[in-house]
Each structure stands twice: as structure tokens, then as C-alpha cells.
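Fold and geometry: a report
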Amino acid sequence: MKKIIFQKLTPSEVPSFNLEKALHILDFRATAERLTFETDSMFQYENWISTIPVKGFSLVNPDVLQARDNQIIVQKAANSSTSIAARYAKE
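The following refers to the structure shown. (Residues numbered from 1 in each chain as written. Predicted model: local features only at pLDDT ≥ 70, side-chain atom pairs only at ≥ 80, totals over all residues. Heavy atoms only, no water.)

1. Examining the sheet that holds strand 1 (residues 23–24)
- The strand order across the open sheet built from three strands is 1-2-3, with neighbouring strands paired in parallel fashion. Looking at strand neighbours, the two that pair on one side only are strand 1 and strand 3 (71–73), the edges of this open sheet.
- As paired elements, strand 1 and strand 2 (residues 57–60) share two bridges and run parallel to each other. Each bridged residue has a counterpart across the sheet, and for H24 the counterpart in strand 2 is S58. (Pairing = 2+ DSSP bridges. Helix = DSSP H or I, 4+ residues; strand = E, 2+ residues; numbered from the N terminus.)

Structural data, given as C-alpha cells:
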């Protein structure tokens, strides 16, 4: 049996989190082939990126709890299946 070794990884060790011109998005809609049902939880998940200390910019919606200067607020859609990236592209 192979042995699995877990090592702690911090945001400062992820190169893309340290790029000042990066745009960070956390969107679980991308894990499914197509989101065909409505769930308001998707709007909560979008804001999880605000809990990760990153350089550059992050897309969040107005419900974000930890507002920072490097966050771009993107309005929610009436339809929770519309990704934050798609909404940002329309602005």
C-alpha cells in the first residue's frame, strides 16, 4: 500500500496567489457540466475567496463579509446558475 504524506500549504506558497495583476475567482459552478437547478448557496461560495489572503484582485458579490481594497464587487444575478465570471464580463 502506498503511503500518502500531507503537507501544509499556505497561500503565500501558491505562486498565482502572489501575482499583483491576477484576478482570483472561486466558483464551484465550474465543477459541474452544467448547473441546471437554482441554489442560493452558490452566491455564498463565491465569497469564500475573500478568506484567502491573495495579492491581485478577487471577484466577490455584495454579501462578502470581509471587504478588502483588492476586491471587485459583482452584483448578483436573479439566476444563481449564472457564474460570477459571466456577470463580471457583462459589466
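2. Focus on the packing of aromatic side chains
- Counted according to the given criterion, the structure contains one aromatic pair.
- The interplanar angle of 65° and the centroid separation of 4.9 Å between the aromatic rings of Y45 and W48 together place this pair among those described as edge-to-face.
- Residue W48 is classed as partly exposed on the basis of its relative accessible area of 44%. (Phe/Tyr/Trp six-rings, centres within 6.5 Å; stacked < 30°, edge-to-face > 60°. Buried < 20%, exposed > 50% of the residue type's maximum accessible area, 1.4 Å probe, protein only.)

3. Some details on the environment of G56
- In this fold, G56 is placed in the loop between helix 1 (41–46) and strand 2.
- We classify G56 as buried; its relative accessible area is 11%.

4. A look at the pairing of strand 2
- Relative to strand 3, strand 2 runs parallel, the two being bridged by three bridges. If you follow L59 over to strand 3, its bridge partner there is I72.

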